[in-house]
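# An overview of the molecular structure
The lines below spell out each chain.
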Amino acid sequence: NAGVTQTPKFQVLKTGQSMTLQCAQDMNHEYMSWYRQDPGMGLRLIHYSVGAGITDQGEVPNGYNVSRSTTEDFPLRLLSAAPSQTSVYFCASSYVEEGASWNQPQHFGDGTRLSIL
Amino acid sequence: AQSVTQLGSHVSVSEGALVLLRCNYSSSVPPYLFWYVQYPNQGLQLLLKYTSAATLVKGINGFEAEFKKSETSFHLTKPSAHMSDAAEYFCASNAGGTSYGKLTFGQGTILTVHP
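Here goes a summary of the coordinates provided. Residue numbering note: each chain is counted from 1, following its sequence as written. As a convention, the first chain written is A and the first ligand written is 1, with the rest following in written order. The model is predicted, so local features are restricted to residues of pLDDT at least 70 and side-chain atom pairs to those at 80 or more, both for listing and for counting; the totals for chains, interfaces and linings are taken over all residues. Excluding hydrogens and water, the side-chain figures rest on all heavy atoms present in the structure.

### Description of the state of the cysteines
Applied cut-off: To count as a disulfide, a pair of cysteine sulfur atoms needs to be within 2.5 Å. Runs of E in the DSSP output that reach at least two residues are strands. Runs of H or I that reach at least four are helices, and both are numbered from the N terminus. Burial here depends on accessible area, computed with a 1.4 Å probe over protein chains only, as a share of the maximum for the residue type. Under 20% is buried, over 50% is exposed, and the range in between is partly exposed.
Scanning the model with the defined rule gives two disulfides over all chains in all. Covalently, C23 of chain A is tied to C91 of chain A through a disulfide, its sulfur atoms 1.9 Å apart. Disulfide C23 of chain A to C91 of chain A: torsion about the S-S bond roughly -70°, handedness left-handed. Note that C23 of chain A is positioned in strand β3 (residues 19-25) and C91 of chain A in strand β9 (residues 87-94), a separation of 68 residues in sequence. Considered together, C23 of chain A and C91 of chain A belong to a single accessibility category, that of buried residues. Each sulfur in the disulfide pair C23 of chain B and C91 of chain B lies 2.0 Å from the other. Across the S-S bond of C23 of chain B and C91 of chain B the torsion is about -60°, and the bridge reads as left-handed. With C23 of chain B in strand β3 (residues 19-26) and C91 of chain B in strand β9 (residues 87-94), this residue pair connects regions lying 68 residues apart in the sequence. The class of C23 of chain B is buried, set by a relative accessible area of 0%. With relative accessibility at 0%, the residue C91 of chain B sits in the buried group.

### Some details on the packing of aromatic side chains
Inclusion rule: A pair of Phe, Tyr and Trp rings is counted when the ring centres sit within 6.5 Å of each other, with Trp represented by its six-membered ring. The angle between the planes then sorts it: under 30 degrees is stacked, over 60 is edge-to-face, the rest tilted.
On inspection of all chains with the given rule, the structure shows twelve aromatic pairs over all chains. Ring centres of Y35 of chain A and F108 of chain A lie 5.9 Å apart, and the angle between their planes is 40°; on these two criteria the pair is classed as tilted. On the criterion of sequence distance, the pair formed by Y35 of chain A in strand β4 (residues 31-37) and F108 of chain A in strand β10 (residues 107-108) is long-range, its members being 73 residues apart. For the pair shown, Y35 of chain A and F108 of chain A are each scored as buried. Judged by centre distance (6.1 Å) and plane angle (70°), the ring pair of Y50 of chain B and F74 of chain B falls under edge-to-face. Of this pair, Y50 of chain B sits in the loop between β5 (44-49) and β6 (56-58) while F74 of chain B sits in strand β8 (residues 73-78); the two residues are 24 residues apart in sequence, bridging distant segments of the chain. Overall, the relative accessible area of 10% leaves Y50 of chain B in the buried class.

Right, here's the structure in full:
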């Protein structure tokens, strides 16, 4: 049981390049989210998904696309990288048992450190 | 909209001293509250979560947090700091329901522990 796996761990891009950050979980969690972490700003939600085929925007969605074709995978795409997207990106997953409280914690990957020159 | 505020971006304590990290939430309904810890170059690890069963919540590594509805606070404490506690700590909340899966984070507090 690997939990949440993010690849790559590090990436350097040039402005205007595109790339996909991969996220996979093996816990059969229906909820998955992408956050970016910037110094002094905590983590901010980019996009999230409540199940395969269903995604929605978070607080800072501009410049990012997502899709969720399977329960396990939730890739994040940068279509045209900009220096403002230099950040550490975290993927997380969680679940809710039917009839249970909404306080199940999210499980985080180890992050992707992205630099855009 | 929910918001989470952590007072103090940096907290410095001596080894063996009390650790107090502050978190206040703003929500029209009691949120679901969490504390996470992040060690350098790692992901976030759950320290503890609030459940309505008790206002004092015990977590891992000797940490605990007290939920005070009247003060809209969920401060994190540890009676005696250890060098290994040096890390960044995040308070987070979600509103549940259709907002479940959308965590709102505080700005983070970096804890430094001096020998």
